[in-house]
Amino acid sequence: MTILITGGAGFIGSNFVHHWCNNYPNDRVIVLDALTYAGNRQNIAPLESLENFRFVQGNIGDRSLIDSLLRAENVDTVAHFAAESHVDRSILGPDAFIQTNVVGTFTLLDSFRHYWTEKGSPENYRFLHVSTDEVYGSLGPDDPAFTETTPYAPNSPYSASKAASDHLARAYFHTYKVPTIITNCSNNYGPYHFPEKLIPLMCINILLGKPLPVYGDGQNIRDWLFVLDHCKALDIVIHKGQPGETYNVGGNNEVKNIDLVTLLCELMDELAPDLPVKPSKQLITFVKDRPGHDRRYAIDATKIKTELGWTPEVTVEEGLRKTIQWFLNNREWWQPLLSQEYQDYYQKVYGVSV
Ligand code: NAD
Ligand code: DAU
């Protein structure tokens, strides 16, 4: 297989690149990443010396680059992760979300369509579009979990842009028969998670002895999935999924934000030596809510379980322990990410510096 992985220097993408190189050493892996603030070549640095590996710095919206890359490398599989991914940044500035998530995905899909047609429309080619549960909107406390047929109701510029890209991936299958597959996954966490997101932000702030900003009343619910479980699901979808289908991927781990942050504090107190503030839950601070903050997400992953045989393997506590240990062992990875750009962003969202 020759697989083009877009966004492979980001959080989930880089975990997936490691997963693929470890499990399929004979496949050729091409990583395409623009290296935005969220992309970090260090995440995949140990793989760059592999014979079958190539890193290309570039934008998914660059049509001539994509046209030539697909042909030069004889790509048969695209795993499309590249996106602007953070809800708070989409509220501050939606433009980049439209450009990358909508226009960029369109460019990639349309380039792949022409290339695939030119090749004689091979049946074994795949275009995996990696998406989010946020396209389904927000659940009430007693609503059933999202299934693949839940109507789309995105509430943030981020989720609206992902919804638009999902619709394009779907339309390319129905209109042109391009073998696209869509996955909609719940909240991931684990190694290489950029500090702006809830779990890494809390881990790092605990290590620095800084306030832990919990939005609103802390009662919002997310369905947490360890990132390697997500990578395994995507692997199975690429190998066994049906073109034109959508698969929901979730952790079956619904947790209220305040409970998650409290558990994280307890595990940090146990695992981290010499914390500046202990017990670290003293640092929990309720702050102004996120505008349009979705109350609850929950995934019904019955379809991927019954049709493809995937289930999550890692519990929240186990996954958090692994994640905390990773952040403790990799200070040299996260310290440089608390850059001026990050400080400016932090100031805009939280009104204080980290
Ligand atoms: P991330 O922000 O950590 O990484 C995104 C990567 O895409 C970065 O390496 C960045 O440099 C790259 N990128 C951004 N714009 C680009 C462009 N125009 N061209 C090429 N590369 C570009 O994101 P993530 O959390 O790893 O999410 C990956 C994908 O999974 C996204 O599509 C996201 O919507 C989806 N997703 C994320 C989660 C989650 O919990 N993080 C859950 C479900 C789905
Ligand atoms: O559900 C999948 C989505 O999960 C992905 O599509 C997104 O790319 C990913 O960023 C994530 O979105 P969320 O908005 O759910 O994740 P985030 O880590 O930003 O926030 C998780 C919850 O924690 C959410 O309810 C907001 C809250 N939160 C977040 C931050 C950063 C806080 O209370 N305080 C914070 O400082």
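Residues numbered from 1 in each chain as written. Chains lettered and ligands numbered in written order. Predicted model: local features only at pLDDT ≥ 70, side-chain atom pairs only at ≥ 80, totals over all residues. Heavy atoms only, no water.

Novice: How would you sum up the nonpolar core? Please name residues and give values.
Specialist: Grouped together as the largest cluster of nonpolar side chains are 79 residues, with contacts concentrated most on Phe16, Val17, Val29, Phe53 and Ile304. Discounting chain neighbours no more than four positions away, the residues touching Phe16 are Ile3, Ile5, Ala79, Phe81, Cys231, Leu234, Asp235 and Ile238. Residues Ile60, Leu70, Ala82 and Leu109 belong to the second largest nonpolar core, which totals 22 residues. (Core = buried A, V, L, I, M, F, W, Y, C linked by side-chain atoms within 4.5 Å. Buried < 20%, exposed > 50% of the residue type's maximum accessible area, 1.4 Å probe, protein only. Contact = heavy atoms within 4.5 Å.)

Novice: Before we move on, could you go through the side chain of Ser14 and cite the residues and values that matter?
Specialist: Its place among the elements puts Ser14 in helix H1 (residues 11-23). When near neighbours in sequence (up to four residues on either side) are disregarded, Ser14 contacts Gly7, Gly8, Ala9, Asn43, Ile44 and Tyr192. (Helix = DSSP H or I, 4+ residues; strand = E, 2+ residues; numbered from the N terminus.)

Novice: I'd like a rundown of the site of ligand 1, residues and numbers included.
Specialist: If you check the shell around ligand 1, you find 28 residues, and the closest are Ile12, Asp33, Ser85, Tyr158 and Lys162. Between ligand 1 and Ile12 there is a distance of 2.8 Å, counted from an oxygen atom to a backbone nitrogen or oxygen. Tyr158 has a polar side-chain atom sitting 2.6 Å from an oxygen atom of ligand 1. Protein chains bury 96% of the 840 Å² of accessible surface belonging to ligand 1 in isolation. When residues of the shell around ligand 1 are traced back to their parent elements, those giving at least two are H1, strand E5 (126-132) and helix H5 (157-176). The element best represented in the shell around ligand 1 is E5, accounting for three residues. Considering only residue class, the shell around ligand 1 consists of 13 nonpolar, 13 polar and two charged. (Near = heavy atom within 4 Å. Polar contact = N/O pair within 3.5 Å; in protein donor to acceptor, adjacent residues only side chain to side chain. Areas by Shrake-Rupley, 256 points an atom, 1.4 Å probe, with all protein chains shown as cover. Nonpolar A, V, L, I, M, F, W, Y, C, P; charged D, E, K, R; others polar.)

Novice: Describe in detail the site of ligand 2, supporting the description with residues and values.
Specialist: Around ligand 2, the structure places 23 residues, and the nearest of them are Asp133, Tyr158, Arg290, His293 and Tyr350. The separation between an oxygen atom of ligand 2 and a polar side-chain atom of Asn257 is 2.9 Å. The protein chains hide 94% of the 690 Å² of surface that ligand 2 would expose on its own. Broken down by element, the residue count for the shell around ligand 2 peaks at three residues, all from strand E8 (residues 212-215). Of the residues belonging to the shell around ligand 2, the class tally is nine nonpolar, eight polar and six charged.

Novice: Explain the UniProt feature "domain: NAD(P)-binding" (unreviewed entry) in the protein residue by residue, including any values.
Specialist: When the UniProt feature table is mapped onto this chain numbering, "domain: NAD(P)-binding" (unreviewed entry) sits at residues 4-323. A distance of 27 Å separates the end C-alpha atoms of residues 4-323, which is 40% helix and 17% strand. (UniProt positions renumbered as here; feature names shortened; annotations may be inferred.)

Novice: Explain the pattern of salt bridges to me, using residue names and the numbers behind them.
Specialist: Under the counting rule described, the total for this entry stands at 18 salt bridges. With its nearest N and O atoms 3.6 Å apart, the salt bridge here joins Glu196 to Lys197. By relative accessible area, Glu196 is classed as buried at 2%. For Lys197, a relative accessible area of 17% corresponds to the buried category. The closest approach of N and O atoms between Glu270 and Arg321, which form a salt bridge, is 2.9 Å. Here Glu270 is found in helix H8 (residues 257-271), whereas its partner Arg321 is found in helix H10 (residues 316-329), with 51 residues between them in sequence. A relative accessible area of 52% means that Glu270 is categorised as exposed. (Salt bridge = Lys/Arg side-chain N within 4 Å of Asp/Glu carboxyl O.)

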